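Fold and contact review
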Amino acid sequence: MRYQPINSDLFIHNRKNFMAKMKPNSLAVFNSNDIYPIGADSTIPFQQDRNIYYLSGVDQEESILVLFPDAPHEKHREILFLTETNDHIAVWEGEKLTEEKALEISGVKTVYWLKDFQKIFYELMAQAETVYINTNEHYRANVETETREARFNKWLKDSYPAHSVAKSNPILQQLRAVKHPLELEAMQRACDITEKGFRRVLGFVKPGVWEYEIEAEFMHEFLRNRSRGFAYTPIVASGKNANVLHYIENKMQCKEGELILLDVGAEYANYASDMSRTIPVSGRFSKRQKEVYNKINQIKKDATKMLVPGTDWAEYHKEVGKMATSAFLDLNLLDKADVQNENPDWPAYKKYFMHGTSHNLGLDTHDYGLLHQPIVANQVFTVEPGVYIPEEGFGIRLEDDVVVQEKGEPINLMKNIPIEADEIEDLMNK
């Protein structure tokens, strides 16, 4: 991979924490993702399963991690199974991980070749009572394609029906929600790359450019700074397109007087950043656009201050809803009757701000994290209030990524990315 490898201390730390939560005499198995076919001999570029990466740092297909903290033989308490490289693979694809390189990346001392997996795994399972399987239980997951992990889990339960089965996911939801300093470094790097892309775009945008050209400017800057590219499908939505929350066609020409809603973020070392900014095509906001913009920016600032240890997730969103209601009354988007007669399950402000304010961020853009538990230090959240006004032909969303602190306000990983309306105008009119 083109990124600088993360120190193996992170993955050693993560495995230690995971194994501390396992049942006695149990083992856990994690598989790499498939390389998915498109057609003929074409494939989608490989992306690693986030859990095996979180626990090992291995960013290679057809890899398996086995954790067995109570294994009778010490060398079998952490094992990596990897594809054995050869001269043919080296010529056509480049060398795969060697045992030495795998140790350097992961800190796992025992490495076997994948061809020996079933024989060694049989020995391990004879010594274990419970096996942890890796499943995707994210609250927004929508998995229609059978994954390599799912195929493995079927084989495992068919081949070893007498073993108890446990889930890795609840443990990972807890652990991945709270970030290690080395993870925060990678996320800061992703945010810094996003900043470079945004500053490039501020100097590029003018009436007549196309949304896809703006997307290309971001990609240029991301790639030249060791990112694989976008952490998620980018949104470059000019004018009325901003009122489609997940507009990803990025195909229209940007016209004078319009706003462009940008929701983009670079990834770095598989870690995501997630930024939203809204900028004027002509380099100047209209009076009305700036009035609305500043209200949304103030909501973002006030909401950020609420992300402190002990905050309840549901109550946080209710409070942000109250902020939005007050702002939309000031902007004459709502009147008092709208609020008095609102449906408590879908408050009046939802007409113009229908999505959530924050989500966990990390290896996934919508990262693991248990939302029914109070917020704790070192969780990373987005803060992204917005307003979408079809009748006025524009939408505004502003979003930063912040780290919850033990005391005081969160640290903003995007504090250097311009956001104030006047600063945006100044930079666009240099």
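A quick note: this is a predicted structure, and the numbers were derived from the prediction, not measured.

Per the secondary structure count, the protein includes 13 helices and 18 strands. In summary, the protein has a C-alpha radius of gyration of 24 Å against a globular reference of 22 Å for 430 residues, a match within 12%. With respect to the principal axes defined by its C-alpha atoms, the protein has extents near 70 × 50 × 40 Å. The buried share of the protein, taken over its 430 residues, is 53%. Counting only contacts in the protein whose residues sit at least 6 apart along the sequence, the fraction spanning at least 24 positions is 72%. Accessible surface, the protein: about 20000 Å² in total, of which carbon and sulfur atoms supply 49%.

This brings us to the pairing of strand 8 (residues 164–167). Direction of pairing for strand 7 (residues 130–133) relative to strand 8: parallel, over a ladder of 4 bridges. Residue pairing across strands places Val131 opposite Val165, the latter belonging to strand 8. In the classification by handedness, the crossover that spans strand 7, the intervening helix 6 (residues 148–159) and the parallel strand 8 is right-handed.

What follows concerns helix 4 (residues 99–106). Among all positions of helix 4, only Ala102, Ile105 and Ser106 are buried. End-on, the buried residues of helix 4 take up no more than an arc of 80°, which puts them together on one face. Among the exposed residues of helix 4, those pointing more than 90 degrees away from its buried face are Glu100 and Glu104. Count one or two residues on from helix 4 and you reach Gly107, which has phi positive near 80°.

Now for the domain arrangement of the protein. Assigned domains of the protein: these are domain 1 (8–177) and domain 2 (181–429). Contacts between the two partners involve 21 residues from domain 1 and, on the opposite side, 19 residues from domain 2. The largest contributions to the domain 1 side of the interface with domain 2 come from Arg50, Arg176 and Ala177, which together make up 31% of the buried area. Arg176 is the partner of Asp367 in a salt bridge, and the nearest nitrogen-oxygen pair spans 2.7 Å. Applying the counting criterion to the domain 1 and domain 2 interface returns 12 residue pairs in polar contact (both at pLDDT 80 or more).

What follows covers the packing of helix 8 (residues 181–202) against helix 9 (residues 211–223). The description of two packed helices rests on the angle between their axes and on the distance between the axes. Running from N to C, helix 8 and helix 9 cross one another at 140°; their axes reach a closest spacing of 8 Å. Judged by the angle between their axes, helix 8 and helix 9 are oblique. Crossing angle aside, the handedness with which helix 8 passes helix 9 is right-handed. Where helix 8 approaches helix 9, its residues Ile193, Thr194, Lys196, Gly197, Phe198, Arg200 and Val201 are matched on the opposing element by Ile214, Glu217, Phe218, His220, Glu221 and Phe222. In terms of residue class, the contact of helix 8 with helix 9 is built from 6 nonpolar, 3 polar and 4 charged.

Below, the discussion takes up the pattern of salt bridges. The final tally for this structure, using the stated rule, is 30 salt bridges. We note a salt bridge from Asp263 to Arg397, for which the minimum N-O separation is 2.9 Å. A residue pair is termed long-range when its members are at least 10 positions apart, and Asp263 in strand 10 (residues 259–264) and Arg397 in strand 16 (residues 394–397) qualify at 134 residues. As far as burial versus exposure is concerned, Asp263 and Arg397 are alike and both buried. Each of the salt bridges in this network shares a partner with another, and the network as a whole consists of Arg50, Arg176, Lys179, Asp364 and Asp367.

Take the packing of helix 5 (residues 117–127) against helix 6 next. Relative to each other, helix 5 and helix 6 sit at 55°, their axes nearing to 13 Å. Regarding the angle of helix 5 to helix 6, the classification is oblique. In this structure, the crossing between helix 5 and helix 6 has a hand that is right-handed. Of helix 6, the residues touching helix 5 (which contributes Phe117, Gln118, Phe121 and Met125) are Phe152, Trp155 and Leu156. Tallied by class, the residues present in the contact of helix 5 with helix 6 amount to 6 nonpolar, 1 polar and no charged.

Another aspect to go through is the packing of aromatic side chains. Going through the model one piece at a time under the given rule, you end up with 22 aromatic pairs. Taking 5.2 Å as the distance between ring centres and 70° as the angle between the ring planes, the aromatic pair formed by Phe222 and Phe230 counts as edge-to-face. Classification of Phe222 by relative accessible area gives buried; the value is 0%. A ring pair is formed by Phe328 and Tyr352, whose centres lie 6.2 Å apart and whose planes are at 80°; its orientation type is edge-to-face. Of this pair, Phe328 sits in helix 11 (residues 313–330) while Tyr352 sits in the loop between helix 12 (336–340) and strand 14 (380–383), and the two are 24 residues apart along the sequence. Of the two residues, Phe328 and Tyr352, neither departs from the other in class, the shared state being buried. By way of ring pairs, the aromatic residues Phe81, Tyr112, Phe117, Phe121, Phe152, Trp155 and Tyr160 are connected into one cluster. Between Lys350 and the ring centre of Trp346, over which it is positioned, the NZ or CZ distance is 5.5 Å.

About the criteria used
- Residues numbered from 1 in each chain as written.
- Predicted model: local features only at pLDDT ≥ 70, side-chain atom pairs only at ≥ 80, totals over all residues.
- Heavy atoms only, no water.
- Helix = DSSP H or I, 4+ residues; strand = E, 2+ residues; numbered from the N terminus.
- Rg over C-alpha atoms; globule rule 2.2 N^0.38 Å.
- Buried < 20%, exposed > 50% of the residue type's maximum accessible area, 1.4 Å probe, protein only.
- Contact = heavy atoms within 4.5 Å.
- Areas by Shrake-Rupley, 256 points an atom, 1.4 Å probe, with all protein chains shown as cover.
- Pairing = 2+ DSSP bridges.
- Right-handed = clockwise from strand over helix to strand, strands pointing away.
- Arc of directions from axis to C-beta.
- Domains from an automatic or database assignment.
- Buried area = accessible area lost by both parts, 1.4 Å probe.
- Salt bridge = Lys/Arg side-chain N within 4 Å of Asp/Glu carboxyl O.
- Polar contact = N/O pair within 3.5 Å; in protein donor to acceptor, adjacent residues only side chain to side chain.
- Axes fitted to C-alpha atoms, helices over the stretch in contact; angles between N-to-C directions.
- Parallel < 35°, antiparallel > 145°, perpendicular 65-115°, else oblique.
- Left-handed = near helix turned anticlockwise from the far one by under 90°.
- Nonpolar A, V, L, I, M, F, W, Y, C, P; charged D, E, K, R; others polar.
- Phe/Tyr/Trp six-rings, centres within 6.5 Å; stacked < 30°, edge-to-face > 60°.
- Lys NZ or Arg CZ within 6 Å of the ring centre and 35° of its normal.

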